[in-house]
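Structure at a glance
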Amino acid sequence: MPKKQSDPQQPASFEEAMAELDRLVADMEGGELPLEASVAAYKRGSELVKYCAQQLDKVESQVKVLEGEMLKPFAVDEEPS
């Protein structure tokens, strides 16, 4: 079954995903989650890590495009006119 575009579990942004991931890690490190909740938190954390990695890949691609189109090295050997 294809994944829906508007998945309610999908974070709104990279920052939101990181904040949720921080909360999950803190809850898991607290050691007070029942086993099922720990497994669910781990699964959700894995999804968030994957989402964050995808977002970082997108940004990296955008930066590479910008570097290729906008940033040019200075020509050291050229004399000013």
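Residues numbered from 1 in each chain as written. Predicted model: local features only at pLDDT ≥ 70, side-chain atom pairs only at ≥ 80, totals over all residues. Heavy atoms only, no water.

You'll find the protein entered in an unreviewed UniProt entry as Exodeoxyribonuclease 7 small subunit, with Undibacterium arcticum given as the organism. The UniProt entry for the protein carries this comment under Function (unreviewed entry): "Bidirectionally degrades single-stranded DNA into large acid-insoluble oligonucleotides, which are then degraded further into small acid-soluble oligonucleotides." Reading the Subunit (unreviewed entry) entry of the UniProt record for the protein gives the comment "Heterooligomer composed of large and small subunits." (UniProt positions renumbered as here; feature names shortened; annotations may be inferred.)

This part is about the overall build of the protein. Across its full length, the protein holds two helices and zero strands. Evaluated residue by residue, the protein yields a buried proportion of 14% over its 81 residues. For the protein, the share of sequence-separated contacts (at least 6 apart) that also reach a separation of at least 24 residues comes to 68%. About 7300 Å² of surface is accessible on the protein, with carbon and sulfur atoms providing 58% of the total. (Helix = DSSP H or I, 4+ residues; strand = E, 2+ residues; numbered from the N terminus. Buried < 20%, exposed > 50% of the residue type's maximum accessible area, 1.4 Å probe, protein only. Contact = heavy atoms within 4.5 Å. Areas by Shrake-Rupley, 256 points an atom, 1.4 Å probe, with all protein chains shown as cover.)

Take the nonpolar core next. Counting residues in each nonpolar core, the largest one holds seven residues, listed as Ala-17, Leu-21, Leu-24, Ala-41, Leu-48, Tyr-51 and Cys-52. When residues of this core are traced back to their parent elements, those giving at least two are helix 1 (14-30) and helix 2 (35-69). A total of four residues in this core trace back to one element, the largest contributor, which is helix 2. Setting aside chain neighbours within four positions, we find Leu-24 in contact with Ala-41, Arg-44, Gly-45 and Leu-48. (Core = buried A, V, L, I, M, F, W, Y, C linked by side-chain atoms within 4.5 Å.)

In this section: the pattern of salt bridges. Between side chains of opposite charge, a pair can form as their charged atoms come close. In total, this model carries three salt bridges according to the counting rule given. The shortest N-O distance in the salt bridge between Glu-20 and Arg-44 comes to 2.8 Å. Taken together, the residues span a long stretch of sequence, with Glu-20 in helix 1 and Arg-44 in helix 2 at a distance of 24 residues. Arg-44 carries the same exposure label as Glu-20, and that label is buried. (Salt bridge = Lys/Arg side-chain N within 4 Å of Asp/Glu carboxyl O.)

The share of residues in the protein with pLDDT of 70 or more is 74%, and the mean pLDDT across the chain is 83. Residue range residues 1-6 is modelled with pLDDT below 50. Its contacts to residues more than four positions away, or to other chains, number one contact. (pLDDT = per-residue confidence, 0-100.)

Another point: the side chain of Glu-20. By relative accessible area, Glu-20 is classed as buried at 18%. When sequence neighbours within four positions are dropped, the list of residues in contact with Glu-20 reads Arg-44 and Leu-48.

What follows deals with the side chain of Arg-44. Under the relative-accessibility criterion, Arg-44 is labelled buried at 13%. Among residues more than four places away in sequence, those in contact with Arg-44 are Gln-9, Pro-11, Glu-20 and Leu-24.

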